[in-house]
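Chains, contacts and geometry: an overview
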Amino acid sequence: METLVLDTFRKRGIAPFDCILIYRNDGDLSDDYRATGVPMFRIKPTGNPLGYLSSLCRLLKQENVDVFHTQTVMNGLIGVFCKCFTHVRLVASFHGFLSKLKYKIYTHLVMWSADASVFVSSYEREWYVNHILFASKRRCHVVYNGIDFSKFDNETRVPDFLRDKDSSDSGILQMAMVGNFVSGRSQIFLCQALKTLRDRGKHDFRFYFIGKRSAKEPERYDACVGFCGENQLLDSHIFFLGGRGDIPAILPHLDAFVYSTECDSFGIAVVEAMAAGIPVIVNDWEVMKEISDNGAFASLYKTLDAEDCADRIEELADNLAERKAAARNMAGTVRDRFSIENHILNLHAVYESAMLR
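Below or above, wherever it landed, is the structure these notes cover. (Residues numbered from 1 in each chain as written. Predicted model: local features only at pLDDT ≥ 70, side-chain atom pairs only at ≥ 80, totals over all residues. Heavy atoms only, no water.)

For the pair helix α1 (residues 2-10) and helix α16 (residues 340-355), interaxial distance at closest approach is 10 Å and the crossing angle is 90 degrees. Taken together, the axes of α1 and α16 lie roughly perpendicular to each other. Note on element contacts: α16 touches α1 through I340, H343 and I344, opposite L4, D7 and T8. (Axes fitted to C-alpha atoms, helices over the stretch in contact; angles between N-to-C directions. Helix = DSSP H or I, 4+ residues; strand = E, 2+ residues; numbered from the N terminus. Parallel < 35°, antiparallel > 145°, perpendicular 65-115°, else oblique. Contact = heavy atoms within 4.5 Å.)

Now for helix α10 (residues 218-230). The first and last C-alpha atoms of α10 sit 18 Å apart over 13 residues, in line with the 18 Å expected at 1.5 Å per residue. Q232 lies just past α10 and shows a positive phi near 55 degrees. (Expected span 1.5 Å × (residues − 1).)

For any pair of aromatic rings, the description rests on two quantities: the centre-to-centre distance and the angle between the ring planes. Tallied over the entire structure, the rule returns 25 aromatic pairs. Residues F119 and Y128 carry aromatic rings whose centres are separated by 5.0 Å and whose planes lie at 45 degrees to one another, so their mutual orientation is tilted. An identical accessibility class is assigned to F119 and Y128; each is buried. Taken together, a centroid distance of 5.0 Å and an interplanar angle of 80 degrees make the contact between F181 and Y221 edge-to-face. Of the two residues, F181 is situated in the loop between β7 (173-178) and α9 (187-200) and Y221 in helix α10; the sequence distance between them amounts to 40 residues. Among the aromatic residues, those joined into a cluster by ring pairs are F94, F97, F119, Y123, W127, Y128 and W285. (Phe/Tyr/Trp six-rings, centres within 6.5 Å; stacked < 30°, edge-to-face > 60°. Buried < 20%, exposed > 50% of the residue type's maximum accessible area, 1.4 Å probe, protein only.)

Attention shifts here to the pairing of strand β3 (residues 67-70). The side-chain alternation of β3 yields one buried face, formed by F68 and T70, and one unburied face, formed by V67 and H69. Here β3 runs beside strand β4 (residues 89-94); their pairing, made up of four bridges, is parallel. Bridge assignment links V67 to a residue of β4, and that residue is R89. Between the parallel elements β3 and β4, the chain passes through helix α4 (residues 73-85) in a crossover that is right-handed. (Pairing = 2+ DSSP bridges. Right-handed = clockwise from strand over helix to strand, strands pointing away.)

Next up on the list: the pattern of salt bridges. The full count for this structure, using the stated rule, is 25 salt bridges. Note that R200 and E307 form a salt bridge whose closest N and O atoms lie 2.6 Å from each other. Here R200, found in helix α9, pairs with E307, found in helix α14 (residues 306-318); they are 107 residues apart in sequence, far enough to count as distant. As a salt-bridge pair, R206 and D204 come within 3.0 Å of each other at their nearest N and O atoms. (Salt bridge = Lys/Arg side-chain N within 4 Å of Asp/Glu carboxyl O.)

Strand order across the open sheet formed by four strands is β3-β4-β5-β6, with parallel pairing between neighbours. Here the strands that pair on one side only, and so sit at the sheet edges, are β3 and β6 (140-142). Between one strand axis and the next, the sheet turns by 25 degrees as a mean value, whatever way the strands run. The pairing of β4 with strand β5 (residues 116-119) spans four bridges and is classified as parallel.

A separate point is the side chain of D308. Mapped onto the secondary structure, D308 falls in helix α14. In this structure D308 comes out as buried when scored by relative accessible area, which is 12%. In this structure D308 touches Y301 and K302, once residues within four positions along its chain are discounted.

These values are about where atoms sit, not about what they do.
So, in structure tokens, the structure goes:
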């Protein structure tokens, strides 16, 4: 979410609207945000919530803000308050699904008040329409997450762990999944599917999990490492690389990107891989079917079916050159559909619809 907003600010030159950023606390990307040149205003929380809300409303009036765009449910609630005391239109974005009852209750209120609601996929919008009151399709818009693909085009270096391991020379299939070990992803399933692939013995492979061990859910990472150790996969076929900042350099040098989701509402890592022009294999979760154009951009395997996942990988290995060529040919279409430029133009259409209410 923070990267999406950052990329939007970086491309503000093409946006048909001006923008400012209002934030409470600094974070890892604060310097990157400042480098965009977008005016930033910090309003620090105090022990008195009314004081914070009063300062926010005063700033919105001072800066002549027309549209107040929030990215979380809690900020959406703040937007509801601001609507009562200013003339702003409220646009509320939703990222992911709601697991706690209190957030569902808050979301009812936000959707009742919002002039427009934004969802990252049709699948996510349908979920909200079916579960949340006041989720009128007329005010619920789908705006796909946008990605700044220029960062992929500027990378030419080969990552250290892939250097001297070119599959065209070694015959070793190089694959990876990108994503932290958190709820919503299922790295343990891929470990099981890769064991099936190893046990068949038809193709040699190296698989790299790129993502951090979560302090809140350490058991997810630990379960994967434990499974791979028990089954003699660790550091022979499967490698855990932790978080890395060179994903744009990694993707083009892989033979395939393989992913498993439990409840994603979009799939930025999957889109980035498809746009990098490499073969992608992902489970047939509804949103993955949506972003892959029902399998036109990626190979789909049956969710939680390790045998079928292994089958898809073997099919890829058996037709690697052909599949790589097809992936490269589809990359341009993927980029057009999910570019940050397209995201900005679609956002503008949502803002205009909100102003008409």
